[in-house]
Amino acid sequence: SWTAGHVIDEAVDLIRQQVGSDHVICGLSGGVDSAVAALLIHKAIGDQLTCIFVDTGLLRAGEREQVEETFANHMHIPLVVVDARQRFLDKLANVSDPERKRKIIGAEFISIFEDEAVRLAETQENVTFLAQGTLYPDVIESTSHDTATTAKSIKSHHNVGGLPSEMKLKLVEPLRMLFKDEVREIGAALGLPEEWVWRHPFPGPGLAIRVIGAVDEPKLKVLREADRIVIEEIRKAGIYRELGQAFAVLTPVQSVGVMGDYRTYAYLVAVRAVTTGDFMTADWARLPDELLGRISNRLTNEIAEINRVVYDITSKPPSTIEWE
Ligand code: XMP
């Protein structure tokens, strides 16, 4: 029968056989898959693993700090953090088309990751392997269709989109026989914090596709703060795990409001929460009125740039989960 301990032992043996005395690099996204892949590999080969985390500036509040805290400080896994916030902001300036944003972010991400891999290979012998958190369902999907499906091309933004071209790295994919729920169980067994194990999926382009229209740092700051409040209240209400995803969207709409004796003219924020099995279809979550009220009060009280909050009551289809 399936036990996390048994699967971990088996994966560790396989990684050791495959990698030998070579060096592995692993991109961390902040999500559960790349984290569990890294933990398994570290358990197998220790400091022959180096993790790379790119701070795109499009992440949620505290995400980079949590990666540093867990991987570097707590687990003592060699970690390179690349501060690429300004690079992404520069590339995204005045770009409002969602697909162009995705392309720019994907290309920039790969280029930064490649640079880091090349740099690491200058100081480190035998950098031959690249780790990926590919799951069993992704393996099935990519062997049963030759042409890229939408779901697959979406994922290519999320994972490290390919191999550093000059380096010809071989792949280590320790999760290729596992389903998502098994990955979570193994993550918990390897000491990944509970909050991380159960984290909702987060798109590769990050907050850039939740700021509708052109992205700049002031807008990202508003959205980061709004997202933190939405998630905090949903966790406090004890329903985080029942939801497939929940987040705030910063719209370009400004509307008139009133505060004391003054008129305000500030942003409209949308709150989105869905329940879903496979993310191909989704239903809008029937959040309790009191929870919606608390979220709305906090968003407007704590964030001066927001004076109106709406709740998205569309399902997928006809909507998508994200707004862009
Ligand atoms: P939609 O909005 O298409 O989203 O209903 C379905 C799932 O995919 C995620 N998503 C993305 N993930 N890169 C990603 O890595 C993307 O460009 C992207 N767009 C959407 C979305 O968060 C949801 O989980």
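Residues numbered from 1 in each chain as written. Predicted model: local features only at pLDDT ≥ 70, side-chain atom pairs only at ≥ 80, totals over all residues.

*Asks:* I would appreciate a short explanation of the overall build of the chain in the present structure.
*Replies:* Tallying secondary structure elements over the chain gives 11 helices and 9 strands in all. Over its C-alpha trace the chain gives a radius of gyration of 21 Å, about what one expects of a compact globule, namely 20 Å for 324 residues. Dimensions along the principal axes, computed over C-alpha positions, put the chain at roughly 70 × 45 × 40 Å. Across the 324 residues in the chain, those meeting the buried criterion constitute 34%. Considering only contacts in the chain between residues 6 or more positions apart, those separated by 24 or more positions represent 75%. (Helix = DSSP H or I, 4+ residues; strand = E, 2+ residues; numbered from the N terminus. Rg over C-alpha atoms; globule rule 2.2 N^0.38 Å. Buried ≥ 20, exposed ≤ 12 C-beta atoms within 10 Å, placed from the backbone. Contact = placed C-beta atoms within 7 Å.)

*Asks:* How do you make sense of the sheet that holds strand S4 (residues 127-131) when you look at a structure like this?
*Replies:* In sheet architecture, strand pairing relies on hydrogen bonds along the backbone and comes in two forms, parallel and antiparallel. Reading across from one edge, S3-S2-S1-S4-S5 is the order of the 5 strands in this open sheet, with parallel pairing throughout. A strand with exactly one partner marks an edge of an open sheet, and here the two such strands are strand S3 (79-83) and strand S5 (170-172). Shown here is a sheet whose adjacent strand axes are inclined to one another by a mean of 30°, direction ignored. In this sheet, S3 lies alongside strand S2 (residues 49-55) in parallel orientation, the contact comprising 5 bridges. Considered in S3, the bridge of phenylalanine 53 is made with valine 81. (Pairing = 2+ DSSP bridges. Axes fitted to C-alpha atoms, helices over the stretch in contact; angles between N-to-C directions.)

*Asks:* What should I look at first to understand the nonpolar core in this one?
*Replies:* Where a protein is soluble and globular, its nonpolar side chains tend to be buried together. Counting 77 residues, the largest nonpolar core has Ala38 and Ile41 as the members making the most contacts within it. For this core, the leading source of residues is helix H2 (residues 32-45), giving 10 residues. Two domains share this core, each providing at least three of its residues, namely domain 1 (4-197) and domain 2 (210-311). Beyond its immediate stretch of four places on either side in the chain, isoleucine 41 contacts Ile15, Val24, Cys26, Leu49, Ala131, Val172 and Pro174. (Core = buried A, V, L, I, M, F, W, Y, C linked by C-beta atoms within 7 Å. Domains from an automatic or database assignment.)

*Asks:* In this structure, what is going on with unusual backbone geometry? I would like to understand it.
*Replies:* Working note: non-glycine residues mostly have negative phi, and peptide bonds are mostly trans. Lysine 316 connects to proline 317 through a cis peptide bond whose omega is -15°. Of the consecutive residues proline 317 and proline 318, the connecting peptide bond is found in the cis state with omega at 5°. Inspection of the secondary structure assignment puts proline 318 in the segment after strand S9 (306-311). The phi dihedral of histidine 76 falls on the positive side, at around 55°, and the residue is not glycine. Tracing the backbone through its elements, the reader meets histidine 76 in the loop between helix H3 (63-74) and S3. A residue is classified by how many C-beta atoms lie within 10 Å of it, and histidine 76, with 11 of them, is exposed.

*Asks:* Is there a simple way to think about the environment of isoleucine 303 in this case?
*Replies:* When you line up the elements, isoleucine 303 lands in the loop between helix H11 (289-302) and S9. Distance in space between the C-alpha atoms of isoleucine 303 and aspartate 22 is 50 Å, their sequence separation being 281 residues. Beyond its immediate chain neighbours, meaning those up to four positions away, isoleucine 303 contacts Val222, Glu225 and Ala226.

*Asks:* Which parts of the structure should I look at to understand H2?
*Replies:* At 3.6 residues per turn, the α-helix brings residues three or four places apart onto the same side. With 14 residues, H2 ought to run about 20 Å at 1.5 Å a step, and its terminal C-alpha atoms sit 20 Å apart, in line with that. Among the 14 residues in H2, 13 count as buried, and that is most of the element. Once H2 ends, the next one or two residues include glycine 46, with phi positive near 55°. (Expected span 1.5 Å × (residues − 1).)

*Asks:* What am I meant to see in the UniProt feature "binding site: ATP" (unreviewed entry) in the chain here?
*Replies:* With numbering aligned to this structure, UniProt lists the feature "binding site: ATP" (unreviewed entry) at Ser29, Gly30, Gly31, Val32, Asp33, Ser34 and Ala35. Within the secondary structure, valine 32 sits in helix H2. With near-sequence residues (within four places) excluded, valine 32 lies in contact with Val183, Arg184, Gly187, Trp196, Val197 and Arg199. Tracing the chain through its elements places serine 34 in helix H2. What makes serine 34 buried here is the crowd of 23 C-beta atoms within 10 Å. (UniProt positions renumbered as here; feature names shortened; annotations may be inferred.)

*Asks:* What's the story with the packing of helix H4 (residues 85-92) against helix H5 (residues 98-123) in this structure? I'm lost.
*Replies:* The description of two helices packed together rests on the angle between their axes and the distance between the axes. Running from amino to carboxyl end, H4 crosses H5 at an angle of 145°, the nearest separation of the two axes being 10 Å. Once H4 is placed against H5, the crossing between them reads as right-handed. Facing H4, whose interface residues are Arg87, Phe88, Lys91 and Leu92, H5 presents Lys101, Ile104, Ile105 and Glu108. In the contact of H4 with H5, the residues fall into 4 nonpolar, no polar and 4 charged. (Left-handed = near helix turned anticlockwise from the far one by under 90°. Nonpolar A, V, L, I, M, F, W, Y, C, P; charged D, E, K, R; others polar.)

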